[in-house]
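Coordinates in review
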Amino acid sequence: MGDDKPTGDYSGDGASARTRVRGRTMAAVETVDKTKTVVDKAIASIGDIATLPEITIKIIEIVEDHKSTARDLHEVIKNDPALSVKVLKVVNSAFYGLPGQVASVDRAIILLGLSAVKNIAIAASIARLFKGKRISEKFSASDLWRHSVGVAVAARALAKCSPHPVMPDDLFVAGLIHDIGTLVERQVFPNPFAEVIRRCTESDIDFLACEREVIGADHQAFGVGLTTKWKFPRHLRAAVGFHHNPEAVSVELKNIVTLVRAADVLACQEKIGFYFTARHDHMNAETLEALGITAAQFEAVRVSVPQQLEEAEATLRS
């Protein structure tokens, strides 16, 4: 008879092995609990960036309600002149490339659809959050904004290449907010966050691992905490929380999260804005094949990003 003892890293009897497995499981649970505690305390302590304008929240609620109509959305937007102007500015920009000028929000909603107008409202609300002084030579809110817009335009362009059913406007917003968790870190943990950046600029250490070591959670976790508080749609929360590990999401969400991942890698490779989060990553052929995007299409998007980035920044700039 052969030996019944477990193989691999374990030694000793089966009971000892099972104890070690339970120990590992308990350790993982404790880590998750500690991360949640850090995130919950951070979200509870932040001020301005924790609160979206009431009208933006209302717009999200309307669009997520399948019973809503274009009229419902128009009734909300028309009562906010500033947002009405922003929607028309975006709709009439080179970024959308519509054939003629659109003079009314009602017409914009009809042309673009509820979801696209919702995304414009989110983008307009998010833009105001990327302000504040530089905390490091390598990081300022404007650096993060430029990176976020770069990822947004790349994600939108990649979505247009992919044969899978994903709305390009959803990808734009997903890209725009993918690193929103770093704003939480900057506000709540400015010194530890600066230390993370210092370590990552002086060595090849993984950014997320360094965040978890120094702060107790990474920007994905803080991003999920913030977008959950905002009651953002599930697909946007997934893009924020898993763009560095899209393999962890369900099949229905995998495409949008992987597209954001691909856009993030592209933007970091091109050193657009704050690029340290995915600076060592590369797009492999298997990922592109799963997205239905060829290497030539990916490179074409890379070439197109600088011009689209300038157009998007000019459009979103207040």
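Computed from a prediction, not measured in an experiment: that's the story for all the values here.

On a plain count of helices and strands, the chain comes out with 16 helices and zero strands. By residue count, 49% of the 318 residues in the chain fall in the buried class. Of all intrachain contacts in the chain linking residues separated by at least 6 positions in sequence, the fraction that spans at least 24 positions is 65%. Split by element, the accessible area of the chain, about 15500 Å² in all, is 54% carbon and sulfur.

A few words now on the packing of aromatic side chains. All told, the structure shown has eight aromatic pairs when counted by the stated rule. With centroids separated by 5.7 Å and ring planes inclined at 50°, the aromatic side chains of F189 and F222 adopt a geometry described as tilted. In this pair, F189 sits in the loop between α9 (181–188) and α10 (190–202) while F222 sits in helix α12 (residues 219–229), placing the two residues 33 residues apart along the sequence. On the accessibility criterion, F222 (0% relative accessible area) is buried. Among the aromatic residues, those joined into a ring-pair cluster are F139, F193, F207, F274, Y275 and F276.

Another aspect to go through is helix α6 (residues 114–127). An α-helical turn contains 3.6 residues, so any two residues separated by three or four positions project in the same direction. Between its first and last C-alpha, α6 extends 20 Å over 14 residues, near the 20 Å set by a 1.5 Å rise per residue. Counting buried residues along α6, 11 of its 14 residues qualify, which places the element largely inside the surrounding structure.

Our next topic: the confidence of the model for the chain. Of the residues in the chain, 89% reach a pLDDT of 70 or more, and the chain-wide mean stands at 85. For the chain, helix α1 (residues 14–45) is the element with the lowest average pLDDT, namely 71, and helix α11 (residues 207–214) is the one with the highest, namely 96. Counting contacts from residues 1–12, a segment whose pLDDT is below 50, to residues more than four positions away or on other chains yields 13 contacts.

Tallied over the entire structure, the rule returns one cavity of 30 Å³ or more. By volume, the largest cavity amounts to about 110 Å³. What lines the largest cavity is V90, F95, Y96, N119, I120, A123, D169, F172, V173, A312, T315 and L316. Those elements that provide at least two residues to the lining of the largest cavity are α6, α8 (168–177) and α16 (295–316). The class makeup of the residues in the lining of the largest cavity is nine nonpolar, two polar and one charged.

Within the secondary structure, G216 is located in the loop between α11 and α12. Each residue touching G216, except ones within four places of it in the same chain, is listed here: T35, V38 and E211.

With that settled, the discussion passes to the packing of helix α13 (residues 234–242) against helix α14 (residues 251–269). Viewed as axis vectors pointing N to C, α13 and α14 meet at an angle of 50°, and their least axial separation amounts to 9 Å. As far as their axial angle goes, α14 and α13 are oblique. The crossing of α13 and α14 is right-handed. Residues R234, H235, A238, A239 and F242 of α13 form the contact with α14, whose participating residues are E252, L253, I256, V257 and V260. Taken together, the residues of the contact of α13 with α14 sort by class into seven nonpolar, one polar and two charged.

Judged by nonpolar contacts, the single largest core of 101 residues is most densely connected at I59, I126 and I180. Excluding residues that lie within four positions of it along the chain, I180 makes contacts with I126, L129, F130, G223, L226, T227, W230 and V240.

Further remarks concern the pattern of salt bridges. One pass over the structure, following the stated rule, counts 16 salt bridges. In this structure, the salt-bridge partner of R212 is D218, at a minimum N-O distance of 2.6 Å. Here E299 ties to R302 by a salt bridge, and the two come within 3.0 Å at their closest N and O atoms. Note that E299 and R302 are positioned in helix α16 at a spacing of three residues, about one turn of the helix. On the basis of relative accessibility, which here comes to 17%, the residue R302 falls in the buried class. Here the salt bridges share partners, and the residues they tie into one network are E195, R198, R199, E202 and E213.

Now for the environment of P190. Of note, P190 is situated in helix α10. Spatially, the C-alpha atom of P190 lies 7.2 Å from that of I135, the residues being 55 residues apart in sequence.

Rules used throughout
- Residues numbered from 1 in each chain as written.
- Predicted model: local features only at pLDDT ≥ 70, side-chain atom pairs only at ≥ 80, totals over all residues.
- Heavy atoms only, no water.
- Helix = DSSP H or I, 4+ residues; strand = E, 2+ residues; numbered from the N terminus.
- Buried < 20%, exposed > 50% of the residue type's maximum accessible area, 1.4 Å probe, protein only.
- Contact = heavy atoms within 4.5 Å.
- Areas by Shrake-Rupley, 256 points an atom, 1.4 Å probe, with all protein chains shown as cover.
- Phe/Tyr/Trp six-rings, centres within 6.5 Å; stacked < 30°, edge-to-face > 60°.
- Expected span 1.5 Å × (residues − 1).
- pLDDT = per-residue confidence, 0-100.
- 1 Å grid on protein atoms, 1.4 Å probe; cavity = no way out; pocket = protein on both sides within 12 Å on 5 of 7 lines; lining within 4 Å.
- Points joined across faces, edges and corners; volume = space filled by probe spheres on them.
- Nonpolar A, V, L, I, M, F, W, Y, C, P; charged D, E, K, R; others polar.
- Axes fitted to C-alpha atoms, helices over the stretch in contact; angles between N-to-C directions.
- Parallel < 35°, antiparallel > 145°, perpendicular 65-115°, else oblique.
- Left-handed = near helix turned anticlockwise from the far one by under 90°.
- Core = buried A, V, L, I, M, F, W, Y, C linked by side-chain atoms within 4.5 Å.
- Salt bridge = Lys/Arg side-chain N within 4 Å of Asp/Glu carboxyl O.

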